[in-house]
Amino acid sequence: MDAAQELRLFDIKETLKNDRLLLAFLAEFSRGKTETINALFFADFNQRLLPSAPGRTTMCPTEIFANGEPAYIQLLPIETKFSNASLSELKSQPELWQKFLLDTQSADAMKQTLSALIEKTSVDVATAKSLGFWHEDDPAMQKRLGEKGTVDIPMWRHAMINYPHPLLQKGLVVIDTPGLNSMGAEPELTLNIIPNAHAVLFLTAIDSGITKSDMQIWSDYVKNRASHKLVLLNKIDMLWDGLESDAEVSTMVQQQIEHTAKQLDLDAKRIFAISAQKALLAKIKHDTKLLQRSGIDALEDALANQLIKSKHEILGRAIVTECANMIALSQKVADMRVKQGQLQLKELCQMQNQQADSTQEILLQVTTERKRYDASVLTFNQGGEKIKRLSDKLLLQLSTGYLNSTLEQSKQDMGDSWTTISLNRSMRTLTKQAIQLAQEIKQNGDLIKQEADHLYQLFCREHGFAKSVAMPLNMDTFINSMQSLEKITNDFCLDPINVLTEKRFLIRRFYHGLGAQIQAAFEQAQLDCSLWLNVVIGELKTQINEHKKSLDQRADALMASHNHAEITEKNLAATEKDLAKLSHQAQQLDSLLLKLMRSAKFHQEPSSSAS
Ligand SMILES: Nc1nc2c(ncn2[C@@H]2O[C@H](COP(=O)(O)OP(=O)(O)OP(=O)(O)O)[C@@H](O)[C@H]2O)c(=O)[nH]1
Ligand SMILES: [Mg+2]
């Protein structure tokens, strides 16, 4: 294993450790998002811990996870919206957040601390406007104007709760979101949280059915945006009025599921009918019958055994493929060692049995081979330098400096206008530039591949290396990320709420959030390209060094043994021992690869909930 591989294995281990599945809860107001989260994660406290009673609407997006530290809640003040910094930037500035430890020994104390999630603050209309909580043309807004002429707005912009629940400890992160209105007001949700979520849980309720605004959230944010989606049909307890038999209720629920499936154009198997409220109650009262009736079990099973598992499997497959490639390279090296060991053994045996002049011949053969090899290594070094120049150029194109100057240019192009038209135009230009860049990088990558393939051929032809070609560079992920950002921007710009000119601050913030996402796409592309470069030339380099070492070793052994029968004998014994060890190592690699491939035999992708 070389240093680059060792580093990569370390990174892979970290990725495995930090693997998380982000599940965003999305729905119109009062469909029961928070109640479902209470039932899933906090029922042990025999209380409704997160505020979800009537009239207690969630005021800010709330991320819930388990990171191994003592339980806490961290809150980001709403005023941070005045700055242009994106949420991901703000997350790296702990001094801006208010942190409170959660006393997991006391349900009352926890409930008290968590009530911060619905805290409000009163501000004047101008402030509410500049923070995006005032819409002139909305009649409901006038009603919100209190006697003092102030408006209540959320106290916090974002909350993070660290809590050690077993499902969360498995790597699940859930995000509770406030109802519809705040989605438009918070570009972070549309730009960051939803696209980055691995799955979206969309809630509808049996009493309201699917209203126009439910449908709008579904089609704007979930239908074509979320890679995995689950739908909850909540509040089924409202059908349990005692007048219908259990069988009749089940039929009604089933009919509602099918109706919902039709409306959302979704497989009915992805819809879970539950009563979050009764599930919470059943858990608190340890009422197994009610718990079963609440339907929460099927949801928990879908989360733990299907969603998380399928996410682990996707990551697992990628890691197994990468590690199998590493083992395959080690196998090549091991085979080379065995082959060279066998040659050395043969030469030493010949030397032991032959006359002086034929030993001279063997020596000459090996030295000639070494010289020939040195010439090839020279060609490799020259080719390597050329590849290095091309690689440096390639990585520079994806560097932060290059990106910042491009973003700066687009900001200048937008001037002071900050309208949806200028934003849309600027994003389109950016995507066009990024795609052009990806094509240039790809061309550069093709040149590198050509050069590497020549070198592979040379060593295969001249020195018996295993036949191999470099894999081509693939820029599709980068192009896809840029195109999907373009689509999100376009949707944002077409949204009638955002077209109004007084939304300038919102557009500016959207632009900054966009900048962070573009930067992330560039960083990922740069990482992918460096990994590719390491593989393209690294594999050949490893084999070249290995071959050189064996040649030197063979020559040295022959030199030392020349005319010294005793040393020949000793060298022979040592070579035989080495060869046995090398053959054993090669076999060990075979069984390692087999073990790895066996672990890659994952389950079939579940058809009922994920995908
Ligand atoms: N009958 C019944 N009521 C429920 C159920 N789930 C939630 N509720 C009630 O519906 C109301 C809204 O629930 P929440 O969990 O706060 O809804 P939400 O989707 O988080 O709403 P916002 O935070 O305002 O977006 C509360 O009064 C809950 O008690 C349920 O399964 N059955
Ligand atoms: Mg809520």
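Scroll up for the structure.
Analysis parameters
- Residue numbers run consecutively from 1 along every chain, following the written order of its sequence.
- All chains are assigned letters beginning at A, and all ligands numbers beginning at 1, according to the order in which they are written.
- This being a predicted model, a pLDDT of at least 70 is required before a residue's local features are given, and a value of 80 or more before pairs of side-chain atoms are given or counted; all residues contribute to the totals for chains, interfaces and linings.
- Only hydrogens and water are set aside; all other atoms, that is, all heavy atoms of the structure, feed into the side-chain values.
- Any N, O or S atom lying within 2.8 Å of the metal counts as a donor, with the limit raised to 3.2 Å for Na, K and Ca; because water is left out of the atom set, some sites can appear incomplete.
- Counting from the N terminus, the helices are the DSSP runs of H or I reaching at least four residues and the strands are the DSSP runs of E reaching at least two.
- In this scheme, a residue with accessible area under 20% of its type's maximum is buried, one over 50% is exposed, and one in between is partly exposed, where area comes from a 1.4 Å probe on protein chains only.
- In this scheme Phe, Tyr and Trp rings, the latter by its six-membered ring, pair at centre separations within 6.5 Å, and the angle between planes marks the pair as stacked below 30 degrees, edge-to-face above 60, and tilted otherwise.
- Whether a residue is near a molecule or strand depends on its heavy atoms: if one lies within 4 Å, it is near.
- Within 3.5 Å is the distance limit for a polar contact, defined as a pair of N or O atoms, with the added protein rule that one can donate a hydrogen and the other accept it, and that residues adjacent in sequence qualify only through two side-chain atoms.
- Ten residue types, Ala, Val, Leu, Ile, Met, Phe, Trp, Tyr, Cys and Pro, are classed as nonpolar, four, Asp, Glu, Lys and Arg, as charged, and the remainder, Gly among them, as polar.
- Strand pairing requires that DSSP identify at least two bridges connecting the strands.

Visitor: Quick one: what's the story with the coordination of the magnesium ion (ligand 2), residue by residue and with numbers?
Guide: Bound to the magnesium ion (ligand 2) are the protein donor atoms Thr34 (OG1) and Thr58 (OG1), situated 2.0 Å from the metal. With Thr34 in helix α2 (residues 33–41) and Thr58 in the loop between α2 and β2 (62–65), this residue pair connects regions lying 24 residues apart in the sequence. Neither residue differs from the other here; Thr34 and Thr58 are each classed as buried.

Visitor: Outline the packing of aromatic side chains, listing residues and values.
Guide: Applying the stated criterion to the full structure yields seven aromatic pairs. Ring centres of Phe42 and Tyr163 lie 4.9 Å apart, and the angle between their planes is 50°; this geometry places the pair in the tilted category. Here Phe42 is found in the loop between α2 and β2, whereas its partner Tyr163 is found in the loop between β7 (156–162) and α7 (166–169), with 121 residues between them in sequence. For the residue pair Phe42 and Tyr163, the accessibility class agrees, reading buried in each case. Here Phe478 and Phe522 contribute two aromatic rings whose centre-to-centre distance is 5.0 Å and whose plane-to-plane angle is 90°, an arrangement assigned as edge-to-face. In this pair, Phe478 sits in helix α18 (residues 476–494) while Phe522 sits in helix α20 (residues 504–561), placing the two residues 44 residues apart along the sequence. Residue classification places Phe478 among the buried positions, given a relative accessible area of 4%. Its relative accessible area of 6% is what places Phe522 among the buried residues.

Visitor: Before we move on, can you summarise the site of ligand 1 with the specific residues and values?
Guide: Taken together, 22 residues sit near ligand 1, with Thr34, Glu35, Thr57, Thr58 and Asp237 positioned nearest. The contact in question runs from an oxygen atom of ligand 1 to an N or O atom on the side chain of Thr34, over 2.7 Å. Within the backbone of Ser52, one N or O atom sits 3.3 Å away from an oxygen atom of ligand 1. Within the residue set of the shell around ligand 1, elements represented by two or more residues are α2 and α12 (276–285). It is α2 that contributes the most residues to the shell around ligand 1, three residues altogether. Here the residues of the shell around ligand 1 are counted per class, giving six nonpolar, ten polar and six charged.

Visitor: So what about the pairing of strand β8 (residues 172–176)? Which residues, and what values?
Guide: Across the five residues that make up β8, a large majority, five, are buried. Where burial is concerned, the two faces of β8 agree: the one with Leu172, Val174 and Asp176 and the one with Val173 and Ile175 are both buried. As paired elements, strand β1 (residues 21–26) and β8 share five bridges and run parallel to each other. In the strand pairing of β8, Leu22 is matched with Val173.

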